[in-house]
Amino acid sequence: MNPNKMKKLYFYRKIIFVLCLFTTSFLYAHGSLSKRIKEKTAEIEKHPKNSTLYFERGFLYEQHEEFNKAIEDYLKSEELGYSKYLLLHYRKAQTYYHNYNFYKALESSSLYLKKDSVDVKINKLHAQILVQLNKHQKAIKYYSYFVNNAIDINPNDIIEYSTIYLEKDKNYTTALEVLEVGLQKLGIDIFSLQLKKLDYLEASFQIDKAIEQYNYFILNTNRKEFWYYKKATYLSENNKNEDAIIAVQQAKFAVLALNDKFQNTIAIKDLQSKIYNLENKITIKN
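If you're wondering where the values come from, they're calculated on a predicted model, not measured in any experiment. (Residues numbered from 1 in each chain as written. Predicted model: local features only at pLDDT ≥ 70, side-chain atom pairs only at ≥ 80, totals over all residues. Heavy atoms only, no water.)

**Focus on the nonpolar core**
Counting 74 residues, the largest nonpolar core has Ile129 and Tyr161 as its most contacted members. When sequence neighbours within four positions are dropped, the list of residues in contact with Ile129 reads Ala93, Tyr97, Phe102, Ala105, Leu106 and Ser109. (Core = buried A, V, L, I, M, F, W, Y, C linked by side-chain atoms within 4.5 Å. Buried < 20%, exposed > 50% of the residue type's maximum accessible area, 1.4 Å probe, protein only. Contact = heavy atoms within 4.5 Å.)

What follows is the structure, encoded as structure tokens:
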């Protein structure tokens, strides 16, 4: 069999294997939840006035993404006098949010905040709800509190916070400032934040800073050939053809510096084709 065909076949088999593992895990998790829901339902039949059981089954339904049933159980739990009201309000807000009932979600999150305004997780959820209701200015206040006070924020939190400013008024300046805060908090080399920074610089036509950002990736990644090509493409798109030609040559040299094992991969062969096509395109433009 042709070596390239063998590589493709091996690649597709790996994808199928990973998908099978994911599907099996997903089905097992939901199967386990279904079993636990049945068990909880049997308990409720024995103790129909137990508010805690309804709350617990509601959470199982929520995890199972049966949001209407989850809400029914949460409301029944509340009717029966469930004592842990704060957690109940949070679960209701979260479930309404996932069920796209944002006004009801806001009602529940507001009740929680009245009793505990310093809880970071409710501030984040309240902000997410406000965003869905196009109340971005109010959302900023709550998400800002979450980012400044949460101990375990992650890069996705920072990115989500930055997008609130963009959705509000396309404020790339502040969105970039948010990313910088995230890089200071989480570490300067958080790839997803640096990548989002590049997106924002390009979208806001900050060409020189975007070029600097491409240089950051070239300096801080092992596979420089891809980033040289991306930089060359960006330079060409912005009519910096002389610089683009230099970046093209750097991409070609970076490919040649790879060992034979990498040079003969489908990805690198495809990249080489793109590099030469870009080179021809720039030459024609000149």
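**Some remarks on the confidence of the model for the protein**
Detailed reading of the predicted coordinates is not advisable wherever pLDDT falls low. In this model, the protein carries a mean pLDDT of 90, and residues with pLDDT of at least 70 account for 89%. Residue range residues 1-12 is modelled with pLDDT below 50. Its contacts to residues more than four positions away, or to other chains, number five contacts. Low confidence marks residues 20-24, where pLDDT is under 50. Its contacts with residues over four positions away, or in another chain, come to zero contacts. (pLDDT = per-residue confidence, 0-100.)

**Considering the layout of surface pockets**
By volume, the second largest pocket amounts to about 160 Å³. Around the second largest pocket sit Thr173, Leu176, Glu180, Lys197, Leu201, Gln206, Lys209, Glu212 and Gln213, which together line it. When contributions to the lining of the second largest pocket are tallied by element, the ones reaching two or more residues are helix H9 (172-186), helix H10 (191-203) and helix H11 (207-220). (1 Å grid on protein atoms, 1.4 Å probe; cavity = no way out; pocket = protein on both sides within 12 Å on 5 of 7 lines; lining within 4 Å. Points joined across faces, edges and corners; volume = space filled by probe spheres on them. Helix = DSSP H or I, 4+ residues; strand = E, 2+ residues; numbered from the N terminus.)

**Topic: unusual backbone geometry**
Its identity as a non-glycine residue notwithstanding, Asn134 has a phi of 60 degrees, on the positive side. Along the chain, Asn134 turns up in the loop between helix H6 (120-132) and helix H7 (136-149). Exposure remark for Asn134: the relative accessible area of 62% places this residue in the exposed category. Even without being glycine, Lys170 reaches a positive phi, approximately 55 degrees. Relative to the helices and strands, Lys170 resides in the loop between helix H8 (155-169) and H9.

**What to know about helix H4 (residues 85-98)**
Taking 1.5 Å of rise per residue, the 14 residues of H4 would be expected to cover 20 Å, and the 20 Å separating its terminal C-alpha atoms lies within 8% of that figure. When you tally the buried positions in H4, you get 10 out of 14 residues, the bulk of the element. Along H4, the residues classified as buried are Leu88, His89, Tyr90, Arg91, Lys92, Ala93, Gln94, Thr95, Tyr96 and Tyr97. Along its buried surface, H4 packs onto helix H2 (51-63), helix H3 (67-79), helix H5 (102-115) and H6. Just downstream of H4 lies Tyr100, where phi reads positive at about 65 degrees. (Expected span 1.5 Å × (residues − 1).)

**Quick look at the packing of aromatic side chains**
Any two aromatic rings considered together are summarised by their centre-to-centre distance and by the angle between their planes. Considering all chains together, one arrives at 14 aromatic pairs under this definition. Ring plane angle 45 degrees and centroid distance 5.6 Å describe the contact between Phe55 and Tyr74, whose orientation is recorded as tilted. Here Phe55, found in helix H2, pairs with Tyr74, found in helix H3; they are 19 residues apart in sequence, far enough to count as distant. Each member of the pair Phe55 and Tyr74 is classed as buried. Taking 6.2 Å as the distance between ring centres and 65 degrees as the angle between the ring planes, the aromatic pair formed by Tyr90 and Tyr112 counts as edge-to-face. (Phe/Tyr/Trp six-rings, centres within 6.5 Å; stacked < 30°, edge-to-face > 60°.)

**What to know about the pattern of salt bridges**
Summed over all chains, the structure comprises 14 salt bridges. When the shortest N-O distance is used, the salt bridge between Asp119 and Lys121 registers 2.8 Å. You can call Asp119 buried: its relative accessible area is 16%. The exposure class of Lys121 is partly exposed, given its relative accessible area of 33%. Connected through salt bridges with shared partners, the residues Lys40, Glu43 and Glu56 form a single ionic network. (Salt bridge = Lys/Arg side-chain N within 4 Å of Asp/Glu carboxyl O.)

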